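Read off the chains here:
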Amino acid sequence: MKVLIVAEHDNSSLKACTLNTVAAGLKLHDQVDVLVAGSDCQQVVDQAAVIQGVDKVIVADNPANAHQLPEAIAPLVAHIGKDYSHILAPASTTGKNLMPRVAALLDVGQVSDIIDIKSSDTFVRPIYAGNAIATVLSEEAIKVITVRMTAFDEAAEGGNAEVVSSDFVVNQELSTFVGEDLSVSERPELTAATVVISGGRGMQNGENFVLLEKIADKLGAAIGASRAAVDAGFVPNDMQVGQTGKIVAPELYIAVGISGAIQHLAGMKESRVIVAINKDPDAPIFQVADYGLVADLFQALPELESKL
Amino acid sequence: MKILVPIKRVVDAYVKVRVKSDNSGIELTNTKMSINPFCEIAVEEAIRLKEQGKADEVIVVSIGTSASREQIRTALALGADRGILVETELEARPLSVAKILKVLVEKEGIDLVILGKQSIDSDNNQVGQMLAALTGFPQGTFACKVEVDNGSIVVTREIDGGEQTVSLKLPAVVTTDLRLNEPRYASLPNIMKAKKKPIDIVSPEEIGVVVESKIKTLRVEAPPQRTAGIIVASVDELIAKLKSEARVI
């Protein structure tokens, strides 16, 4: 058994989700190799080499890999990965974009978004947005897998891996990078946040979301919304938590003015602790909340903010 | 330009799914089925490209049982020109689906494939990327904006923490995210018109692809149920509980 982890990085820093993925890999085997494909990415290599359990860091440092476009990276991962029994990447937007392309190049199926590893060929993954949990067997010679970050702890530091470089490169013209617009918000990204506070139709309008923002600032939280709030035009679509929006699993999820439609619950019910604030005591959200507060949010939120 | 839009029949997004008592899967009997929401966005985008004069023909294809004709009709009522049903009783997993689509892309001379980023049943998020790999096309996944321009397509993609824009040479594969557009409702005259639009029915065998997979579902279970917690009386009590009991703040 040989396990390859595809590192996620921006050419200067290794993303934490790589550490969760290494931890998943270490459940399969006591050592893993890490592939760093990028350009001018020595710092990333240095960070990957000190992860505990990493035997080898394979570096493909080439300008052709600068933006890590799948048209260039997938053939590289397939080329290096063909000698491995398992290829793992985080189930981030980067991993989700890349890995099925790798799998198809290797003519194997992929197991997406695993939350547990039962054995070297049996994995657990949510389906129906977490409303059912499937145990799947992969009899593929090479198991291509994406890993849900929140389901695995981060691998520790303290390793000293050997670094080798690969000169395999794909110079392609199918796709070109045009630009990137990364949010400069001080707030964490919704799917990576440890605290999420979301508003629903009860917020009444978009301006009132400022009440959530004030609390989010105090808790270092990301801000989400229910589909009802998005459909009503209060906030943009990318804030939607739910079956067809973002799936989150923070340590603390605070649902404010959200009734708790199935659609929404599917996106947040894996959260460790759920708080619901709603003036309707019969709102279904209270059936999944660890702590419910039946109150008018326009009174409760300012009070909560002042007392945090 | 010819656009192919693969669509999938899935359990309606607003239905609460139930696991079968023998843990073999999800109960689908008497369950409301719909076109997968991301697929609907793909159909809408293709129709808009046609309305802008960028596309000549929009073909929808679905792989599944004869019941999938209903979803193909829905797409035709929204404005697609014709449909293809690749009829099979077998559950086609993403690699098989991608292989079938590859044959159709080549046979129909498709310039652009637009499909949902994932289906809300199996949540795999694989078919578009796999099809791109098999055809050798570039891919623009999780699109929130697309612009077709002179042999290329500029796709703005939703990525963790923001957006990325890439330019792809046509032919290409685009997968849709939620923000790409808001699908229209089919008008009654268009629903009537759709009944006359052709749907070709073919089998995977005729296409030359064996529907098979080395990935098998062993067991499906309901997720651990959350039990309702407690109702706190005040903001003060809430903060106290979060600090001392839950230890999350």
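Our subject is the structure that appears above.
To start, this report covers the structure provided alongside it. Only a predicted model underlies this, so the values are computations on that prediction, with no experimental measurement involved.

If you tally the helices and strands in chain B, you get seven helices and 13 strands. By principal-axis analysis of the C-alpha atoms, chain B measures approximately 65 × 45 × 40 Å. In chain B, buried positions account for 55% of the 249 residues. Put simply, 69% of the contacts in chain B that link residues at least 6 apart link residues at least 24 apart. When the accessible surface of chain B is totalled, it reaches about 11,000 Å², and 49% of it is carbon and sulfur.

Looking now at a nonpolar patch on the surface. Residue and element names in this part refer to chain B. A cluster of nonpolar side chains, namely Leu188, Ile191 and Met192, defines an oily patch on the protein surface of about 290 Å² accessible area. On the secondary structure map, Leu188 appears in helix α5 (residues 188-194). Judged by relative accessible area, which is 61%, Leu188 ranks as exposed.

Here we come to the interface of chain A and chain B. Between chain A and chain B, the contact holds 83 residues from the first and 75 residues from the second. For the pairing of chain A and chain B, the buried interface totals around 6,700 Å² over both sides, and the portion due to carbon and sulfur atoms is 57%. Across the contact surface, chain A and chain B share six salt bridges. Across the pair Lys307 of chain A and Asp236 of chain B runs a salt bridge whose closest N-O atoms are separated by 3.1 Å. Here chain A is connected to chain B by 42 residue pairs in polar contact (both at pLDDT 80 or more). Partitioned by chemical class, the residues of the side of chain A that touches chain B number 36 nonpolar, 26 polar and 21 charged.

On to unusual backbone geometry, then. Cis geometry is adopted by the peptide bond preceding Pro171 of chain B, which originates at Leu170 of chain B and carries an omega value of 0°. You can see Pro171 of chain B is positioned in the loop between β9 (162-169) and β10 (172-176). The residue Asn11 of chain A is not glycine, and still its phi comes out positive at about 75°. Positionally, Asn11 of chain A belongs in the loop between β1 (3-6) and α1 (16-28). Of the residues examined, Asn11 of chain A reaches a relative accessible area of 16% and is grouped as buried. For Ala129 of chain A, which is not a glycine, the phi torsion comes out positive at approximately 50°.

Residues and elements named next belong to chain A. Counting buried residues along strand β7 (residues 122-127), six of its six residues qualify, which places the element largely inside the surrounding structure. Judged by which residues are buried, β7 turns out to be covered on both faces: Thr122, Val124 and Pro126 on one side and Phe123, Arg125 and Ile127 on the other are all buried. Note that strand β6 (residues 116-119) and β7 share three bridges and pair antiparallel. Looking at the pairing, Asp116 lines up with Val124 of β7. Here β6 folds back onto β7 in antiparallel fashion, the turn holding two residues.

Read across the sheet, 10 strands follow the order β11(A)-β9(B)-β8(B)-β7(B)-β10(B)-β6(B)-β1(B)-β4(B)-β5(B)-β11(B) without closing on themselves; strand pairing throughout is mixed. Strands at the two margins of the open sheet, each flanked by one partner only, are β11 (175-182) of chain A together with β11 (199-202) of chain B. Each strand axis lies, on average, 25° off the axis of its neighbour in the sheet, ignoring direction. With four bridges joining them, strand β5 (residues 82-87) of chain B and β11 of chain B adopt parallel strand pairing. Along β11 of chain B, the bridge assignment pairs Ile84 of chain B with Asp200 of chain B. This element, helix α4 (residues 127-135) of chain B, spans β6 (112-116), β7 (139-149) and β10 of chain B of the sheet and lies at about 175° to β10 of chain B.

This part is about the packing of helix α5 (residues 210-219) of chain A against helix α8 (residues 297-307) of chain A. Residues and elements named next belong to chain A. Contact geometry of α5 with α8 gives a least axis separation of 9 Å together with a crossing angle of 25°. On the basis of the axis angle, α5 is roughly parallel to α8. Once α5 is placed against α8, the crossing between them reads as left-handed. Residues Leu211, Leu212, Lys214, Ile215 and Lys218 of α5 form the contact with α8, whose participating residues are Phe298, Leu301, Pro302, Leu304, Glu305 and Ser306. Within the contact of α5 with α8, the residues separate by chemical class into seven nonpolar, one polar and three charged.

Under the counting rule described, the total for this entry stands at 31 salt bridges over all chains. We note a salt bridge from Arg148 of chain A to Asp113 of chain A, for which the minimum N-O separation is 2.9 Å. Of the two residues, Arg148 of chain A sits in the loop between β9 (143-147) and β10 (162-165) while Asp113 of chain A sits in strand β5 (residues 110-114), which places them 35 residues apart along the sequence. Like Arg148 of chain A, the residue Asp113 of chain A is buried in the burial classification. Two residues, Asp116 of chain A and Lys118 of chain A, come together in a salt bridge whose shortest N-O distance is 3.9 Å. Since its relative accessible area comes to 24%, Asp116 of chain A is described here as partly exposed. On the basis of relative accessibility, which here comes to 55%, the residue Lys118 of chain A falls in the exposed class. Beyond isolated ion pairs, a larger network of salt bridges with shared partners links Asp238 of chain A together with Glu158, Glu163 and Arg179 of chain B.

We now examine the packing of helix α3 (residues 94-108) of chain B against α4 of chain B. All names here are of chain B. Following both chains from N to C, one finds α3 and α4 inclined at 50°, their axes separated by 8 Å at the closest point. One finds that α3 runs oblique with respect to α4. For the crossing formed where α3 meets α4, the hand is right-handed. Every residue of α4 that contacts α3 at Pro94, Leu95, Val97, Ala98, Lys99, Leu101, Lys102 and Val105 is listed here: Val127, Met130, Leu131, Leu134 and Thr135. Of the residues contributing to the contact of α3 with α4, the split by class is 10 nonpolar, one polar and two charged.

The rules we used
Residues numbered from 1 in each chain as written. Chains lettered and ligands numbered in written order. Predicted model: local features only at pLDDT ≥ 70, side-chain atom pairs only at ≥ 80, totals over all residues. Heavy atoms only, no water. Helix = DSSP H or I, 4+ residues; strand = E, 2+ residues; numbered from the N terminus. Buried < 20%, exposed > 50% of the residue type's maximum accessible area, 1.4 Å probe, protein only. Contact = heavy atoms within 4.5 Å. Areas by Shrake-Rupley, 256 points an atom, 1.4 Å probe, with all protein chains shown as cover. Patch = residues over 30% accessible without salt bridge, like charges linked within 9 Å, V, L, I, M, F, W, Y side chains within 5 Å. Salt bridge = Lys/Arg side-chain N within 4 Å of Asp/Glu carboxyl O. Buried area = accessible area lost by both parts, 1.4 Å probe. Polar contact = N/O pair within 3.5 Å; in protein donor to acceptor, adjacent residues only side chain to side chain. Nonpolar A, V, L, I, M, F, W, Y, C, P; charged D, E, K, R; others polar. Pairing = 2+ DSSP bridges. Axes fitted to C-alpha atoms, helices over the stretch in contact; angles between N-to-C directions. Parallel < 35°, antiparallel > 145°, perpendicular 65-115°, else oblique. Left-handed = near helix turned anticlockwise from the far one by under 90°.

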